[in-house]
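Here is how the chains run, residue by residue.
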Amino acid sequence: MSGDLWLVLPLAWLLAGAFALGLIGRLWQVRNATLASLTAIICLGGLGLLWPSLIQTHTALHTATPLLTWGDAAPGGLLLRASPAALILTGLSLSLGVCIAVYSGRYMERDARYVTYYPLLLLMLTGLIGMLLTADLFNLYLFCELMSVPGYVLVAFRRHTDTAVEAGFKYLVLGSVATLTMLLGITLIYRGTGQLTLPLPTAVRAPWGRAGIACLLVGLGLKSGIVPLHTWLPDAYGRAPSSISAMLAGVISKSTLVLLIRLCLSLGVPARDLGLLLIGLSFLNMTLGNAMALGQRNTKRLLAYSSIAQAGYMMFALGVGLRYALPAALEAGFFLLLAHALLKGMAFLSKGACHFYTDATLIDQLRGTWTQLPLVAVTFGLALAGLAGIPPLAGFAAKWFILAAGLPARDGLVYAGVAIFLLNSLLALGYYLPLIVRLFSPPTQATARRALSGWMAAPLLVLSVLTLFVSLQPGICLTCARWLTHLEMW
Amino acid sequence: METVLLIVIPSVPLLVALLLTAFGKRAARAAQWIAGLGALTTLGATFALLPALHSGETPSIVLPWIPAANIQLRLHVDWLTLPFLVTEAAVTLAATVYSWGYHHADERSGYFYALLLLFGVGMSGTTLADDLFLFYVFWELMLIASCLLILVWGDGERRGAIALKYFIFTHIGSLMVLVGLLVLYDAVGSDSLAALRAESWALAPGLATTVLTLFFVGFCVKMAIFPLHLWLPDAHTVAPMPVTIMLAAAMLSMGTYGILRFPFSLFSRAQLEPFGVYLMLAGLVSEIYGALMAMAEQDVKRIIAYSSVSQMGYILFGLGTLNRVGIEGATLHVIYHAIVKALLFMVTGLVIRATGRRNLKALGGLGGAMPLTTVCAAIGALSILGMPPLGVFNSEWMIFSGGFETAHIVLSVLTLFGSLLTVVYALRFAGTIFLGERPSELTVESTPWVMRAATLLLAGLLIIEGLFPATLFDWAARGLPLLLKGALQ
């Protein structure tokens, strides 16, 4: 084992933190708030430990020096590499992790088994970050399982409700099939090339290489909710605790999408073909996501379908960027990814706060939020308006960037895509706006104003301030998005 | 100095709105005065720009914003902008002052005034923006602010549904505009309108036609031209009166500004010529349809709302003539219409406040009880039907004579005679409410003096602008050389 220790420290820290929290919960009677604060501190510590790698990678990007690595590439070893895309996504998931941990300080209070919640959350984050940082296929599989298994448990966390268990079971079955398919794909690639270390551009021409890549595509595609592999997603997002839905929708599924693209490129799939595939699938994602969201009565399921649609917008932009070699389109797609993480995180957390205080699950039950929980109504409204792409919020900037970056392709497919995109964004108003209207409508029966706990208010405020900042000053977010466009760097 | 003023116009009300929101309940009591001060500052700054414009400058400012996407924050004022800028600032001030009487102060007043100012910022920002991205941001800001005002402070149970209808309808129009903006952005490779005006760029003929169609349809939604007007009567009826005043008097004309700023300034006469007759036709249909609906309505607020559809028809007709007189008349009509429409809505608001009724059948004979309001209503009604020497006569005259300069004499004759319908609904409105027998059970309560004072001020303004229109003519005429690539000189 050699290389830069800074790279492995965040991972080790999170893993150790997860075990420590599990142990603490087992040995002592700890209050939920204490565990939540510890989790937040662990995530913050992870962010701090990530900082040196970020700086190193920044210099590496500008001076063309090799990227930070850690570990060895021999079979059975673990190789990590600090690619810019992975670091940005790691930072994003840890930041959202901090918000979610603080939020859970109040949100999970009524759950009896909160002691297991925090270690699972940290393990899920560890798995995700490992997946992003690792540079060999076998460990990719291992980390993917490390991310998924806590995910199954967390989705079914509220096991006293049948629907949560059902959703968790569905996610478990489909997710296991997906990871097994990935394993099969990895085996096939290993058989063809005799290698597991990425990048592996010979894979596509190796015997059975294409089949292996297809298996990887299916496996990761399911994890990122690409239509028609999305069927687990509305149930899982709809039934999981809102904090977990925020994590799944905001970071995990979108990171796996990026990973899917990076993996395909590093395995030698031509960017043009991958782009075409993404554009084709994006139409399905947008249209199905929006059409299904229109008919939903449950707020979280609606948000879940909106995630599918938003993934479609991203795939369209990324597909255009790859197919026509337009870096601006890639940037626009990643800008949407970052903005979406903020907005969808905020939407799910606001929804959770409504549920916590008023037991609102259906859209109609959100009436009167403005009188009961004014701050939540504002943050929820802000998130929804942002997702709907209403200026001046970040969603609109993303829309503008995507359209403006796509047009120079001068291709019929892009024009058709732009038309579908615009029609879809119009369709989406059909479910975002009634939701906003309900938030600000008078309640059906007289209700008193509730005091929103600081544990919930703080992350919501931080997220809304960040959203406003990104909306009014998209430049910084765009710089982060530019890091993500270095997809080919391993 | 001018650059400071340029920044002041949108940012002072924006800051005031933010302050009002931040202080929320604590600022509720003082909100109306602070908001009035913000609106007054904007109007003052707008007039302070005049000397610079008269000396031939076009004040503009460029600030970096999103360098990564080559988007700058550009504000700019020229003679095309000014009439609209003055109208919006004045209407915002009038609506704010009117709210002092109309709006019952409560703990949410701060938010009401903040949104009112944001609505104004949306409009002044739209006119000042010299950047495609910024233009669209402000363009939608006025929609969001007005929609929230209707949603939270509107009258009646159905306000949620109506706010939704208003949003979706106008947003569809905005999306058409957005596509047009993006094509322009793509053509010149920058989002600067200055670059679009200065540099040579060309679109394929088919694409140019498509873009022009999108622009015209998109802006006509905002202007509420038949059959794209469906959002207007409901939104105007449900909105609280100050918001209705801003919607009808200022926001509708944003569509006109859009047409002048994009299709008319960026494309040549040859490219626009095929659209002229369709614009005239749409204007004519809208004029007659709006007037007929206003004649048939019983709800006093809806009568004035439909009259907006009709009046926007005149403006579109004037634009469609594509000649000097017609376009100048259309610009003038924007200003006059703003005054007269604000006046009529204020009168309607006074009547509703005094009697608690809004059905024409239940009203009548208020002349004795509300003498001042009656005089204002008479001035407003006579003005909108185009009686000299009141304001609107001037602009209608020019629009009609612009029509007769074109080859489409039949359309012009029809428009001229169509204006007779205005006489019917305007006199029916004023006559039924203020003259005749007063229903026995109709009681009249006193109205806040601020509302009456604001109404009287506008009535006076209408007479003054009708008698001494030289300044307004001058403003409207100076913008003309910027249009149709200079073909109007």
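The residue numbering used here restarts from 1 in each chain and proceeds along that chain's sequence as written. To read the labels, note that chains go from A and ligands from 1, taken in the order they are written. Only residues with pLDDT of at least 70 are given local features in this predicted model, and only at 80 or more are side-chain atom pairs given and counted; all residues enter the totals for whole chains, interfaces and linings. Excluding hydrogens and water, the side-chain values take into account all heavy atoms of the structure.

Peer 1: Help me understand the interface of chain A and chain B in this model?
Peer 2: Contacts are residue-level and defined by heavy atoms, with any inter-residue pair within 4.5 Å sufficient. On the chain B side, the residues contacting the 30 residues of chain A number 29 residues. Both faces combined, the contact of chain A with chain B buries some 2700 Å², and carbon together with sulfur accounts for 80% of it. Any Lys or Arg side-chain nitrogen found within 4 Å of a carboxyl oxygen on Asp or Glu counts as a salt bridge. Counting across the interface, chain A meets chain B through 1 salt bridge. Note that Asp186 of chain B and Arg410 of chain A form a salt bridge whose closest N and O atoms lie 2.7 Å from each other. Side-chain atoms alone can form a polar contact between residues adjacent in sequence; in general such a contact is a pair of N or O atoms within 3.5 Å, and within protein one must be able to donate a hydrogen while the other accepts it. Our count for the chain A to chain B interface comes out at 2 residue pairs in polar contact (both at pLDDT 80 or more). For the side of chain A that touches chain B, the secondary structure elements donating two or more residues are α15 (394-406), α16 (412-439) and α18 (474-484) of chain A. Amino acids are sorted into nonpolar (Ala, Val, Leu, Ile, Met, Phe, Trp, Tyr, Cys and Pro), charged (Asp, Glu, Lys and Arg) and polar (every other residue, Gly among them). For the side of chain A that touches chain B, a count of residues per class yields 23 nonpolar, 3 polar and 4 charged. By convention, the term buried area covers the 1.4 Å-probe accessible surface removed from two parts as they join, with the contributions of both added. Counting from the N terminus, the helices are the DSSP runs of H or I reaching at least four residues and the strands are the DSSP runs of E reaching at least two.

Peer 1: I would appreciate a short explanation of the side chain of His229 of chain B in the present structure.
Peer 2: Residues and elements named next belong to chain B. Tracing the backbone through its elements, the reader meets His229 in the loop between α9 (205-223) and α10 (231-238). Judged by its relative accessible area of 2%, His229 is buried. Only 3.3 Å separates the side chain of His229 from the side chain of Tyr289, close enough to count as a polar contact. Excluding residues that lie within four positions of it along the chain, His229 makes contacts with Ala224, Tyr289, Tyr306 and Val309. When a residue's accessible area, from a 1.4 Å probe over protein chains only, is under 20% of the maximum for its type it is buried; when over 50% it is exposed; and in between it is partly exposed.

Peer 1: Help me out: how do you make sense of the nonpolar core in this one?
Peer 2: For soluble globular proteins, nonpolar side chains are generally found buried alongside one another. By nonpolar core we mean a set of buried residues, namely Ala, Val, Leu, Ile, Met, Phe, Trp, Tyr and Cys, connected to one another through side-chain atoms within 4.5 Å. Core analysis: the biggest nonpolar cluster contains 372 residues, and Trp400 and Phe401 of chain A together with Phe119, Phe262, Phe264 and Phe267 of chain B have the highest contact counts within it. Element by element, the count of residues in this core is highest for helix α12 (residues 327-358) of chain A, at 20 residues. Ignoring anything within four residues of it in the chain, the contact list for Phe264 of chain B reads Phe216, Ile259, Leu272, Leu279, Leu319, Leu322, Ile327, Leu483, Leu484 and Lys485 of chain B. Counting residues in hydrophobic clusters, the runner-up holds 7 residues, among them Met280, Leu284, Tyr314 and Phe317 of chain B.

Peer 1: I tried to follow helix α10 (residues 271-294) of chain A on my own but got confused; where do I start?
Peer 2: Each full turn of the α-helix corresponds to 3.6 residues, which orients residues three or four apart in the same direction. Given a helix with a known number of residues, its expected span is that number minus one, times 1.5 Å. Compared with an ideal rise of 1.5 Å per residue, which puts 24 residues at 34 Å, α10 of chain A spans 34 Å between its outermost C-alpha atoms and is within 8% of the ideal. Summarising the contacts, the buried residues of α10 of chain A are in contact with α9 (242-266), α11 (299-323) and α16 of chain A.

So, to be careful, I would describe these as geometric facts and stop short of saying anything about function.
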